[in-house]
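# Summary of the model geometry
If you want the building blocks of each chain, they are given just below.
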Amino acid sequence: MGVVDVFNALPTERLKEELLACCAAPAWGGRIAAGRPYADRAAILASADAASRALSWSDVLLGLSAHPRIGERAAGESKEAAWSRAEQSAAAVSADEETKAALILANKEYEARFGHVFLIFASGRTQAEILAVARERLGNDDAGERAIVSDELRRIARLRLERVLDAL
């Protein structure tokens, strides 16, 4: 039985748990689950991208609620917390104390400006790169930033869904 067959055959509740670990917005996982059966892996990932793009801003905020501040270690033993720690691990080891302090300040400024955590697809980026992006994004208007945040959430959810598929 191939990965796609296993994905298609997962009990709905188990699949929803797996998908919630990828993205904490239930509408995202619900849409993917409702699209079964899928013909292949590409169709699952395309469905995930479409589900991300269909999220309302309220849904995106639900998705953000499960993400720690960039540079902070996610607490807990959940799959999502472990993924978050792994996604930020390269950035965490690459930063000096000055950059870490500047990122903490940028997080606070961002949250004061936009009312939610700064979200970025951190995999493969250093904290200096993340800091530069945070500072740049502070200049965005609300609508522009919402579009960026929604896309960053999409990218993170897709990466995590790929991990789920790889583990099946």
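All residue numbers refer to positions counted from 1 along the written sequence of the respective chain. Selection of residues for local features in this predicted model requires a pLDDT of at least 70, selection of side-chain atom pairs for listing and counting requires 80 or more, and totals for whole chains, interfaces and linings are taken over all residues. Hydrogens and water molecules were not included; the side-chain quantities draw on all heavy atoms of the structure.

Labelled according to an unreviewed UniProt entry, the protein chain appears under the name 2-oxo-4-hydroxy-4-carboxy-5-ureidoimidazoline decarboxylase, originating from Actinoplanes campanulatus. UniProt positions are given in the numbering used here, feature names are shortened, and annotations may be inferred rather than shown by experiment. Quoted verbatim from the Pathway (unreviewed entry) field of UniProt, the annotation for the protein chain is "Purine metabolism; urate degradation; (S)-allantoin from urate: step 3/3." According to UniProt, the comment filed for the protein chain under the heading Catalytic activity (unreviewed entry) is "5-hydroxy-2-oxo-4-ureido-2,5-dihydro-1H-imidazole-5-carboxylate + H(+) = (S)-allantoin + CO2".

### What about the nonpolar core?
For the purposes of this section, nonpolar cores are sets of buried Ala, Val, Leu, Ile, Met, Phe, Trp, Tyr and Cys residues that join through side-chain atoms within 4.5 Å. Each residue is placed in one exposure class: buried if its accessible area under a 1.4 Å probe, protein chains only, is under 20% of its type's maximum, exposed if it is over 50%, and partly exposed if it falls in between. By size, the foremost hydrophobic cluster in this structure holds 44 residues, and its most contacted members are F7, W28, I32 and L161. Where this core is concerned, the elements lending two or more residues are α1 (3-9), α2 (12-22), α3 (26-34), α4 (41-53), α5 (57-64), α7 (97-114), α8 (127-137) and α9 (142-167). Starting at the N terminus, helices and strands are each numbered in turn, a helix being any DSSP run of H or I of at least four residues and a strand any DSSP run of E of at least two. When residues of this core are assigned to their parent elements, the largest contribution, 8 residues, is made by α9. The contact definition used throughout considers only heavy atoms, calling two residues in contact when any of these lie within 4.5 Å. Ignoring any residue separated from it by four or fewer positions in sequence, one finds F7 in contact with L15, I32, R36, Y38, I44, L161, L165 and L168.

### Considerations on the packing of α7 against α9
Lines fitted to the C-alpha atoms define the axes, with helices restricted to the stretch that makes contact. Angles between their N-to-C directions range from 0 to 180 degrees. Direction vectors running N to C along α7 and α9 enclose 120°, while the axes themselves pass 11 Å from each other. In terms of axis orientation, α7 runs oblique to α9. Judged by residue contacts, Y110, R113 and F114 of α7 engage D142, E145 and V149 from α9. Put simply, Ala, Val, Leu, Ile, Met, Phe, Trp, Tyr, Cys and Pro go in the nonpolar bin, Asp, Glu, Lys and Arg in the charged bin, and everything else, Gly too, in the polar bin. Partitioning the contact of α7 with α9 into residue classes produces 3 nonpolar, no polar and 3 charged. Roughly parallel means an angle under 35 degrees; roughly antiparallel, over 145; roughly perpendicular, 65 to 115; everything else is oblique.

### Brief notes about α5
When we look at burial in α5, the residues that qualify are W57, D59, V60, G63 and L64. Around the axis of α5, the buried residues are gathered within 155° of arc, so they sit on the same side. Packing partners of the buried residues in α5 comprise α3 and α9. The arc in question is traced by the directions running from the helix axis to the C-beta atoms.

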